[in-house]
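Summary of structural features
One-letter residues, chain by chain:
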Amino acid sequence: MPLETTRLGGQVTWANAVYVRAELGDPDLTQPWQASARDACVAALFDLGELVELALARSLADAPTKPRRTLKRQLSLVRRRANRRRLHGLFWGAPQHARGFAAARLRQLGLSRSARE
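The model shown is predicted, which means the values in this text are computed figures rather than measured ones. (Residues numbered from 1 in each chain as written. Predicted model: local features only at pLDDT ≥ 70, side-chain atom pairs only at ≥ 80, totals over all residues. Heavy atoms only, no water.)

Brief notes about the pattern of salt bridges
Per the counting criterion, the structure on display carries 6 salt bridges. Two residues, Asp-39 and Arg-21, come together in a salt bridge whose shortest N-O distance is 3.6 Å. Remark: Arg-21 occurs in the segment before α1 (33-45) and Asp-39 occurs in helix α1; sequence separation between them is 18 residues. By relative accessible area, which is 44% here, Arg-21 ends up partly exposed. The salt bridge partner of Glu-53 is Arg-79, with a shortest N-O separation of 2.9 Å. Here Glu-53 is found in helix α2 (residues 49-62), whereas its partner Arg-79 is found in helix α3 (residues 65-109), with 26 residues between them in sequence. Each member of the salt-bridge network shares a partner with another, and the members are Arg-21, Glu-23, Arg-38, Asp-39 and Arg-58. (Salt bridge = Lys/Arg side-chain N within 4 Å of Asp/Glu carboxyl O. Helix = DSSP H or I, 4+ residues; strand = E, 2+ residues; numbered from the N terminus. Buried < 20%, exposed > 50% of the residue type's maximum accessible area, 1.4 Å probe, protein only.)

Some remarks on the environment of Trp-33
With respect to the helices and strands, Trp-33 occurs in helix α1. Residues Trp-33 and Pro-64, 31 residues apart in the sequence, show an inter-C-alpha distance of 8.9 Å. The contact partners of Trp-33, leaving out residues within four places of it in the chain, are Ser-59, Asp-62, Ala-63, Pro-64, Pro-67 and Leu-71. (Contact = heavy atoms within 4.5 Å.)

With respect to α1
Between its terminal C-alpha atoms α1 stretches 19 Å, which fits the 18 Å expected from 13 residues at 1.5 Å a residue. Within the sequence span of α1, burial applies to Trp-33, Ala-35, Ser-36, Ala-37, Asp-39, Ala-40 and Ala-43. Looking one or two places after α1, you find Asp-47, whose phi comes out positive at around 60 degrees. (Expected span 1.5 Å × (residues − 1).)

So, α2
Look at α2: 21 Å from first C-alpha to last across 14 residues, which is about the 20 Å you get at 1.5 Å a residue. Considered for burial, the residues of α2 that qualify are Leu-51, Val-52, Ala-55, Leu-56, Arg-58, Ser-59 and Leu-60.

Details of the layout of surface pockets
Size it by volume and the largest pocket reaches roughly 330 Å³. If you go around the largest pocket, you meet 18 residues; those closest to its centre are Leu-48, Gly-49, Val-52, Val-78 and Arg-81. For the lining of the largest pocket, the secondary-structure elements that each account for two or more residues are α1, α2 and α3. Tallied by class, residues from the lining of the largest pocket come to 10 nonpolar, 3 polar and 5 charged. (1 Å grid on protein atoms, 1.4 Å probe; cavity = no way out; pocket = protein on both sides within 12 Å on 5 of 7 lines; lining within 4 Å. Points joined across faces, edges and corners; volume = space filled by probe spheres on them. Nonpolar A, V, L, I, M, F, W, Y, C, P; charged D, E, K, R; others polar.)

Remarks on the packing of α1 against α2
Orientation of α1 relative to α2, taken along the N-to-C sense of each, is 165 degrees, at an axis distance of 8 Å. Considering their axes alone, α1 and α2 lie roughly antiparallel with respect to each other. The crossing of α1 and α2 is left-handed. Within the contact between the two elements, α1 uses Trp-33, Ser-36, Ala-37, Asp-39, Ala-40, Ala-43 and Ala-44 and α2 uses Leu-51, Val-52, Ala-55, Leu-56, Arg-58, Ser-59 and Asp-62. For the contact of α1 with α2, the class distribution of residues is 9 nonpolar, 2 polar and 3 charged. (Axes fitted to C-alpha atoms, helices over the stretch in contact; angles between N-to-C directions. Parallel < 35°, antiparallel > 145°, perpendicular 65-115°, else oblique. Left-handed = near helix turned anticlockwise from the far one by under 90°.)

In short, shape yes, function no, at least from these values alone.
Laid out in C-alpha cells, this is it:
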C-alpha cells in the first residue's frame, strides 16, 4: 500500500480497534440482568472500562438482592479503577504535553531555540 504525503508534513499514526456489538454500549437496553453481567465480563476481558461500568449498572438495576450486593461492590471497584487511570493519565502526561504545546507556540512566534541561534 503506497503512503501518501503532503507538502505540509504530518505524522504517520496507527491504532488498534476492538469492535463490539452496538447493544453493549446502549444504556437503555432491556435484557435480563444475567446478560448484562455477562456483557460486563466480556468487556472486562478486553479492558473496556467504560463498557464494564455501563453493563454492571444495567445489571444492577434488575438483579435480585444477593447478586445485587456483589454487582454493587464490583461497580464501585470499576469506578475507582477508572478514576485512578484518568488521574494517572492526566498528571503523568501533562508535563510532556505542556512542553510540546509551549514549543509549538514558540515556533509560531519565531522564538524557538533554533531561531534564536
